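Given next are the chains, with one letter for each unit.
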Amino acid sequence: MRVLVIDDDKNSIEPLLDDLNEQEHEACFNNFVDESEILKLVSDTLPDLLVLDLKNAAQQSGDNDIAGSKIFEQIWQERFFPVLIYSAYPDLVLNRLPKNPFIGRVTKGANSEKEVINWINGKQNVVELLHEIDNEVAKSKHDTLKSITHYLGEGLPEAKIVSYLIKRRVAALMDIADGDISVPACFRYIYPPICKYSRMGDVIAKRDSKEFWIILTPSCDMGDDGQEPKVKKVIAARCYEISPDRVDEFKFGKKKNKIRQVLTQGHQKEFIPIPSLPEKFPHLVVNFKEIELIPIEEIGDSDNVKYRRIVSIDSPYREQISWAFIQVAGRPGVPSVDIDKWAEELEVLFGGNS
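Residues numbered from 1 in each chain as written. Predicted model: local features only at pLDDT ≥ 70, side-chain atom pairs only at ≥ 80, totals over all residues. Heavy atoms only, no water.

Some thoughts on the pattern of salt bridges
Then comes step 1: One pass over the structure, following the stated rule, counts 13 salt bridges.
Then comes step 2: Asp 53 is the partner of Lys 108 in a salt bridge, and the nearest nitrogen-oxygen pair spans 2.9 Å. Separated by 55 residues along the polypeptide, Lys 108 in the loop between β5 (103-107) and α5 (112-121) and Asp 53 in the loop between β3 (49-52) and α3 (54-61) bring together distant segments of the chain.
Then comes step 3: The exposure class assigned to Lys 108 is partly exposed, which follows from its relative accessible area of 24%.
Then comes step 4: Accessibility expressed as a relative area gives 2% for Asp 53, which makes it buried.
Then comes step 5: Note that Arg 318 is salt-bridged to Glu 319, the shortest N-O span being 3.8 Å.
Then comes step 6: Given the relative accessible area of 23%, Arg 318 is considered partly exposed.
Then comes step 7: Members of the salt-bridge network, linked through shared partners, are Asp 7, Asp 53 and Lys 108. (Salt bridge = Lys/Arg side-chain N within 4 Å of Asp/Glu carboxyl O. Helix = DSSP H or I, 4+ residues; strand = E, 2+ residues; numbered from the N terminus. Buried < 20%, exposed > 50% of the residue type's maximum accessible area, 1.4 Å probe, protein only.)

Considerations on a nonpolar patch on the surface
Then comes step 1: A contiguous nonpolar surface patch, about 680 Å² in accessible area, is contributed by Val 337, Ile 339, Trp 342, Leu 346, Leu 349 and Phe 350.
Then comes step 2: One can find Trp 342 in helix α12 (residues 339-350). (Patch = residues over 30% accessible without salt bridge, like charges linked within 9 Å, V, L, I, M, F, W, Y side chains within 5 Å. Areas by Shrake-Rupley, 256 points an atom, 1.4 Å probe, with all protein chains shown as cover.)

Put into structure tokens, the structure is as follows:
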């Protein structure tokens, strides 16, 4: 792995650099740069992992209040690779670091280099996986460009058309399952949402409350790049937290076998369960009979809108929700029929009464 080490004292970090090279990692050392230059440094070195001394960065910038966290924040917002805070005072930025398994902290001290090496080696599989995915995506782009004449002939197509074809192939690539695996239920969510416009299946939260809703309006009616929404209000169904005192109301049952049956089926009458997303919302149940029309301009991703988008639900779970809603809202009304009499007639026909 290529490991970028940022520190203002190369002499103190030399033992770590030697250990990294002995472990067959490619160690790149750099003195501190201003946070405005850090992305260029990252682009020039293309690291797989970063080791950063935040305390010394604070001394360099003269801003001890943030302990150099601006450098980390700039990198974390624009790039992704594992980051290890290697400092004499790593806890100074503890409250500023996101909770993430790819962010680590090691306190500088006697023989601390071994702890750093162990942390770095523990990320080897992830880094290799990222390289593998990057290679697959690159190959998908190349395959699309090589075969583009089969779609569009020999003329040079518009850039948007090329972009669309590449993204569709990459999306198809990502739909290929990685063997026989069972993924957590919350993997159906796209978090944070990718599209900047509302989509069917988006879970939204009412500001300053614990009220959740799920959008049921078709995505094509809510606008797209360069297009105005076809509707002024969206259809949304209310979501309630699944709690022990409401299990009977939701008709889920309390035993695992009954719960498993409902989860496998996907919905129970007018109710459909959706799993929790830690730190965002609890286990919820959608009530298709509790509907509200919400102005589309009141929905967005910022904190100042009335309804903030939390997640998008990915396909095919999005279509499952749409289908379940149709079963409730789209069924035809029919007159009352003497079902018992009809059943008795069929029982006689089938010989069930003998």
